Amino acid sequence: MKIKLLIFDLDGVLINSKKNMNLSWNFVKKKHDLNQNFNHYFKYIGLPFEKILLKLNIKKNIQNIKCDYNFMSNKKIKYIKGFPKIKETFSYLRKKKIIITILTSKDFLRSKKILDKLKICYDELVCPETKKNLKPKPSGELPKYLIKKFKIKNKNALFIGDTLFDYKSANSAKIPFVFAAYGYGKINGNYFAKINSLVDLKKIIKKNETNNK
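Structure report, in brief. (Residues numbered from 1 in each chain as written. Predicted model: local features only at pLDDT ≥ 70, side-chain atom pairs only at ≥ 80, totals over all residues. Heavy atoms only, no water.)

A word on the sheet that holds strand S6 (residues 157–161)
Strand order in the open sheet formed by six strands is S5-S4-S1-S6-S7-S8, with parallel pairing between adjacent strands. Bordering the open sheet on either side are strand S5 (124–126) and strand S8 (193–195), each of which pairs with just one other strand. Across the sheet, the mean angle separating the axes of adjacent strands is 20° when strand polarity is ignored. Seen against the sheet, helix H7 (residues 141–149) touches strand S1 (5–8), strand S4 (99–103), S5 and S6 and runs at an angle of roughly 155° to S5. (Pairing = 2+ DSSP bridges. Helix = DSSP H or I, 4+ residues; strand = E, 2+ residues; numbered from the N terminus. Axes fitted to C-alpha atoms, helices over the stretch in contact; angles between N-to-C directions. Contact = heavy atoms within 4.5 Å.)

See below:
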């Protein structure tokens, strides 16, 4: 198996956005008189925002809450930081000519703004709103779309995620999963590899190259 394509989750894998999310959630909690605290919200990180609200039994004013959350998230974007070695790792992947894609449940504009701020190069950014005809995570439809678009076999791709929703999405798409243990989730299951920092991907790529000589 030769690694040709990587599918990255965004929050908890490429960026540490927990403080930004906390500030944004507390803002909408107060404004919309919600009872659910941030820990309740954070438990479902990885799902689209609307689905998180439904999981929290919030069924009214969903679009207004989402709009206000996004407003505060944009206002507090300075609290979003890239994880250590992100530029170094992406530079290495580009040199290896590996296709870099990002699959997130965040909305497209905020995701792009964050990635532009990080100044990293990637080949495609996919969000639920950009592919409304496809089911979001934990479905495997979005990673399958990326595999098909870039004409890569499943075994030649890796899905790097940190939550159970990422894991289920990768399994549904039958793509090897790399667990980002430094992220937001805990996963008990069988996966291709575990990394404790982004730079650990270099070891996986180098080992893969050695095995394919």
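Still more ground to cover, so stick around.
Points about the environment of Asn-190
When you line up the elements, Asn-190 lands in the loop between strand S7 (177–180) and S8. Judged by its relative accessible area of 72%, Asn-190 is exposed. (Buried < 20%, exposed > 50% of the residue type's maximum accessible area, 1.4 Å probe, protein only.)

Overview of the pattern of salt bridges
Under the criterion given, the structure shown has 13 salt bridges. Measuring nitrogen to oxygen at the nearest pair gives 2.8 Å for the salt bridge that ties Lys-106 to Asp-11. Separated by 95 residues along the polypeptide, Lys-106 in the loop between S4 and helix H6 (108–118) and Asp-11 in the loop between S1 and strand S2 (15–16) bring together distant segments of the chain. Taking the relative accessible area as the measure of exposure, Asp-11 reaches 9% and is therefore buried. A cluster of three or more residues bridged by salt bridges with shared partners is formed by Asp-9, Lys-137 and Asp-166. (Salt bridge = Lys/Arg side-chain N within 4 Å of Asp/Glu carboxyl O.)

Observations regarding the nonpolar core
Core analysis: the largest hydrophobic core is formed by 33 residues, its most contacted members being Leu-6, Phe-8, Leu-14, Phe-90, Leu-93, Ile-160 and Ile-204. Elements with a minimum of two residues in this core: S1, helix H5 (86–95), S4, H6, S6, S7, S8 and helix H9 (201–211). In terms of residue count, H5 provides more of this core than any other element does, four residues in total. Ignoring any residue separated from it by four or fewer positions in sequence, one finds Ile-160 in contact with Leu-6, Ile-7, Phe-8, Asp-9, Val-13, Val-178, Ala-180, Ile-195 and Leu-201. Core analysis: the next-biggest nonpolar cluster, separate from the first, contains 20 residues, Leu-53, Ile-65, Tyr-69 and Tyr-184 among them. (Core = buried A, V, L, I, M, F, W, Y, C linked by side-chain atoms within 4.5 Å.)

Focus: H9
Buried within H9 we find Leu-201, Lys-202, Ile-204, Ile-205 and Asn-208. Here the buried residues of H9 occupy an arc of 165° about the axis, which is enough to place them on one side. Opposite the packed face of H9, turned more than 90 degrees from it, sit the exposed residues Lys-203, Lys-207, Thr-210 and Asn-211. Looking at the buried residues of H9, the elements they touch are S1, H5, S6, S7 and S8. (Arc of directions from axis to C-beta.)

Observations concerning the pairing of S6
Looking down a regular strand, the side chains alternate between one sheet face and the other. Judged by how many residues are buried, S6 sits mostly within the fold: five of five residues are covered. Residues Ala-157, Phe-159 and Gly-161 of S6 are buried on one face, and the alternating residues Leu-158 and Ile-160, pointing to the opposite face, are buried as well. Relative to S6, S1 is paired through four bridges, and the arrangement is parallel. Looking at S6, one finds that Leu-6 is bridged to Leu-158. This β-α-β element, S6 to helix H8 (residues 164–173) to S7, shows right-handed connectivity. (Right-handed = clockwise from strand over helix to strand, strands pointing away.)

A word on the environment of Arg-94
Following the sequence through the fold, Arg-94 ends up in helix H5. Under the relative-accessibility criterion, Arg-94 is labelled partly exposed at 35%. On a C-alpha basis, the gap between Arg-94 and Cys-121 in space is 8.2 Å, while along the polypeptide they are 27 residues apart. Residues within four places of Arg-94 in sequence aside, it is in contact with Ile-100, Cys-121, Tyr-122 and Asp-123.

Description of the side chain of Thr-89
Considering the arrangement of structural elements, one finds Thr-89 in helix H5. Judged by relative accessible area, Thr-89 falls into the buried class, the value being 1%. Engagement of the side chain of Thr-89 in a polar contact is seen with the backbone oxygen of Lys-85, the distance being 2.7 Å. Not counting residues within four places of it along the chain, the set of residues in contact with Thr-89 comprises Leu-198, Val-199 and Leu-201. (Polar contact = N/O pair within 3.5 Å; in protein donor to acceptor, adjacent residues only side chain to side chain.)

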